[in-house]
Structures are given as structure tokens and as C-alpha cells.
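Descriptive analysis of the structure
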Amino acid sequence: MIGISLAVSKCSLYKGSKFQDSLEHKDFEDYITFPVLRSPAPKIMFTDYAPAVFRNIRYLYGIDDSEYMLSLGPEQLQGNLLLGNLSSLYMRVSEGKSGSLFFTSHDGYYMVKTIPNNEKNTLLRMLPQYYDYIKANPNTLLMRLCGLHSIDNQAIIVMLNVFISTKEINEIYDLKGSTLGRSNPNGSVKKDLDWKKKIALPKDIKDELLKQIENDAMFLQQSSICDYSLLIGIHHASDDPDQSELHNDVFSESENQTQQMNASVELSKRAPKRVPFYTTEDGGTRILDENGQKGNDIIFFGIIDYLTDYGLNKKLERFFKSVATDANQLSVAPPDQYAKRFCEFMKTLFL
């Protein structure tokens, strides 16, 4: 957290505090390394990757530097320690095969996740195309990345929480469009085989949503990415303990993603400059009731875990698993097949 705050300050001094209309090739390869703790020895080194690029990305999301540092900086950490509030230190290890660590900011607005170096390298490789894509597609469902860093040799990413809302999330699904091993009925995050419903949305919203999912999948296909998921959260108004209370204290996790706790976000003060059409109802979209009218239940969306490159390791994984299992049931697939299957499955979710 301290390193992130220092990195933002250094970028402000080095690049200025305003949005840069034109970035150079070197901006995508730039990095700054500095010590965050000089003692005890050895020094702990912090690296900030492509600081000017991520500054621009945060600007597109309406994130001010001071606000970003307030959520993730050392002042908040120290203040919570003095008050005996450990929420800003909350950490959990992924129960999935990634073994990643997740941290949340004190306000639940940001998530920090450890990632392997191959995912860091994938993000750096695709960063110019990713930057151009999110600029041109303000409604993208791709989870919003705010920074890429490393502490010594451990890479971390900072992301906006998919479930930024004052509403409690009562159901969470991690959906890929595959079937093998895709069930977790007793877990906090359910999977493809656990999805037993159809969600009714206004036709214009449904059509636009599916089109955006198709565009996002096409971009990921062109970037040689596979194994991503659509993260869905559902708020049931019938479960509200108090409709007037603004709170969101759900903590949950998918295989590689999903964490939120003790969030109470003043959305009106922190709204992004470009609000995606599917986040206009307290961070999500209202589900139609049995009469075809907008009800009080809300659904939330985000595409997560999109840093898996379809390289040699994934090709070998698919080859060996397909010896004993129908390849069509496997999660891992070539990017074109994965994107097609992903989009076809998403069409089955909605009325």
C-alpha cells in the first residue's frame, strides 16, 4: 500500500497530474523502481510499471490521484491501526489453483491481487492494445485495472471492485461456458453447472450487453487470451434487512478473483467519468419482475481473470487433459474456440 502511494506521487512529479492526450511507445515500457522500506536490511524494492499509462487509465475511470492514494495509501493504513480497525489489512488466500493473495482497500472500492510473473508479462505485452480498447469502449465489461506493480519479485495488480454498490450481493457466479469441474453448489461463488435460471432484462439492455460481451471476447481472442470468466453478482431486495441502510459487507471469492468487505461507497461523489450502461442502478442493472417491469433485484457484471495467455503451457494442458476427457468440456481452449463458446453460453443466461 505504501509503495502504491509513493508510486502515484512520483508519477505526478515526473509526468504531471493531467491526462496525457498522446502516449509514446516508451510510456508502455517505462517503469520506476525504488525502496519502500530502507530497514531492516535487505531493502524492500517496489516497481511501478507503465505509470503514465495507468495514470491515464485511472483518469478514464474518473479516479483522482488524491482519492486513489486515500484509499490505498499509508495514511489510511496507519489510521486504521491506531483505531484498532484491521479491515484495510484484510487478506485471503485463493481457494483455487492460483494460490493468489487478495487484499481490499478500507472502503471496498479497490482490490489488490498477487499474480504470477507470466500474467504480469502478458499484461505488459497487451497493454498498448488494452489501453486503446478501453478508450474506445467505455462500456467494456473487462474488469478495470488501475495499476501494475511488483514488490521485490512478486507482481501485483490493483483493480476496481466489480461489486461497487451500497447493496448486498446475495449470489455470485463465476461463469466460463465450460462444464468439466464447473460446479460449486455449496460454495460462496457458484459456477456454470450451478446456474439454473434465466434473468429477464429490458431488451435494449440485453442486446447491448451481449454485443459488448462479444466485442470484449473478440478483443481477448485477438490478444491470445483464454480462461477468463464472466463474474455475476445478484442482489435480492427481499433479503434487505433495511432498505434505507447503505452497506455492503459481503466477503466472497471465485477461483482467481472476487473479494469485497465492509464497503460503504458514496457513489455520487466517486462516480466515474464514463458510466457503463449496465452500472446505472446502484452499480448494476435492475432485473425485470414477473410483470415485465423493472423490479428491485439488481444484477452486476464483470469479465475477470483475463491475463492467461494461450501459450505452450496451456496448449500442453489441453493436450494431456483431452486424452481422458472430451476436449469440448475442458475450460482451457484455443482463444477463438474459447471466445465462441463463451459468447454462446452467455446468450443462454438471459430472457
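Residues numbered from 1 in each chain as written. Predicted model: local features only at pLDDT ≥ 70, side-chain atom pairs only at ≥ 80, totals over all residues. Heavy atoms only, no water.

1. Observations concerning unusual backbone geometry
Phi is positive for S224, which is not a glycine, with a value near 60°. Examined against the element boundaries, S224 turns out to sit in the loop between α7 (203–222) and β9 (229–235). For D305, which is not glycine, the phi torsion reads 55° and is therefore positive. Within the secondary structure, D305 is located in the loop between β11 (294–304) and α9 (312–324). With relative accessibility at 12%, the residue D305 sits in the buried group. (Helix = DSSP H or I, 4+ residues; strand = E, 2+ residues; numbered from the N terminus. Buried < 20%, exposed > 50% of the residue type's maximum accessible area, 1.4 Å probe, protein only.)

2. Focus on the packing of aromatic side chains
Going through the model one piece at a time under the given rule, you end up with 15 aromatic pairs. Among the aromatic residues, those joined into a ring-pair cluster are F277, Y278, F301 and F350. In this structure, R58 is placed above the aromatic ring of Y68, and the distance from its NZ or CZ to the ring centre is 4.5 Å. The aromatic ring of W195 is capped on one face by K197, whose charged end is 5.8 Å from the ring centroid. (Phe/Tyr/Trp six-rings, centres within 6.5 Å; stacked < 30°, edge-to-face > 60°. Lys NZ or Arg CZ within 6 Å of the ring centre and 35° of its normal.)

3. A few points about the nonpolar core
The biggest cluster of nonpolar side chains holds 84 residues, and the ones touching the most others in it are Y130, Y228, L230, I232, F301 and Y306. The residues contacting Y130, other than those within four sequence positions of it, are I57, Y61, L142, M143, R144, L145, F219 and Y306. (Core = buried A, V, L, I, M, F, W, Y, C linked by side-chain atoms within 4.5 Å. Contact = heavy atoms within 4.5 Å.)

4. A closer look at helix α3 (residues 51–60)
Of all 10 residues in α3, 9 are buried, a share of seventy percent or more. Listed in full, the buried residues belonging to α3 are P51, A52, V53, F54, R55, N56, I57, R58 and L60. One or two steps after α3, the chain reaches G62, where phi turns positive at roughly 80°.

5. Some words on the pattern of salt bridges
Inspection of every chain in the model, using the stated rule, returns 14 salt bridges. For E24, the salt bridge is made with K26, and the minimal N-O distance between the two is 3.8 Å. The salt bridge partner of K203 is D207, with a shortest N-O separation of 2.6 Å. Linking K203 with D207, this pair stays in helix α7, spanning 4 residues, or about one helical turn. On the basis of relative accessibility, which here comes to 59%, the residue K203 falls in the exposed class. (Salt bridge = Lys/Arg side-chain N within 4 Å of Asp/Glu carboxyl O.)

6. Regarding the side chain of D227
Inspection of the secondary structure puts D227 in the loop between α7 and β9. Using a relative accessible area of 9% as the deciding quantity, one classes D227 as buried. Beyond its immediate chain neighbours, meaning those up to four positions away, D227 contacts K176, D305, T308, K314, S331, V332 and Y338.

7. Remarks on the packing of α7 against helix α10 (residues 335–346)
Contact geometry of α7 with α10 gives a least axis separation of 9 Å together with a crossing angle of 170°. Classified by the angle their axes make, α7 and α10 are roughly antiparallel. In terms of crossing hand, the pair formed by α7 and α10 is right-handed. The residues of α10 that touch α7, namely those facing L210, I213, E214, A217 and Q221, are P335, D336, A339, F342, C343 and M346. (Axes fitted to C-alpha atoms, helices over the stretch in contact; angles between N-to-C directions. Parallel < 35°, antiparallel > 145°, perpendicular 65-115°, else oblique. Left-handed = near helix turned anticlockwise from the far one by under 90°.)

8. What about the sheet that holds strand β8 (residues 171–175)?
One open sheet accounts for 4 strands, arranged β8-β9-β11-β10; its pairing is antiparallel. On the outer flanks of this sheet lie β8 and β10 (285–288), each paired with one strand and no other. This sheet shows a mean twist of 30° between the axes of neighbouring strands, independent of strand direction. Where β10 meets β11, 3 bridges bridge the pair, whose relative direction is antiparallel. What sits directly across from R286, in β11, is I298. (Pairing = 2+ DSSP bridges.)

9. As for the pairing of strand β7 (residues 154–160)
Taken across its 7 residues, β7 has 6 buried, putting it largely inside the fold. As paired strands, strand β6 (residues 145–151) and β7 are joined by 6 bridges and run antiparallel to one another. Pairing of G147 across the sheet is with V158, part of β7.

10. Side note on the confidence of the model for the chain
Chain-level pLDDT for the chain is 80 on average; 74% of the residues reach the 70-or-more range. Highest mean pLDDT in the chain belongs to α7 (97); lowest belongs to helix α8 (residues 267–270) (42). Ignoring residues within four places in sequence, the model shows residues 77–89, a span with pLDDT below 50, making 15 contacts including any to other chains. Low pLDDT (under 50) marks residues 243–272, which in the prediction has 107 contacts with non-local residues, meaning those over four places away or in another chain. (pLDDT = per-residue confidence, 0-100.)

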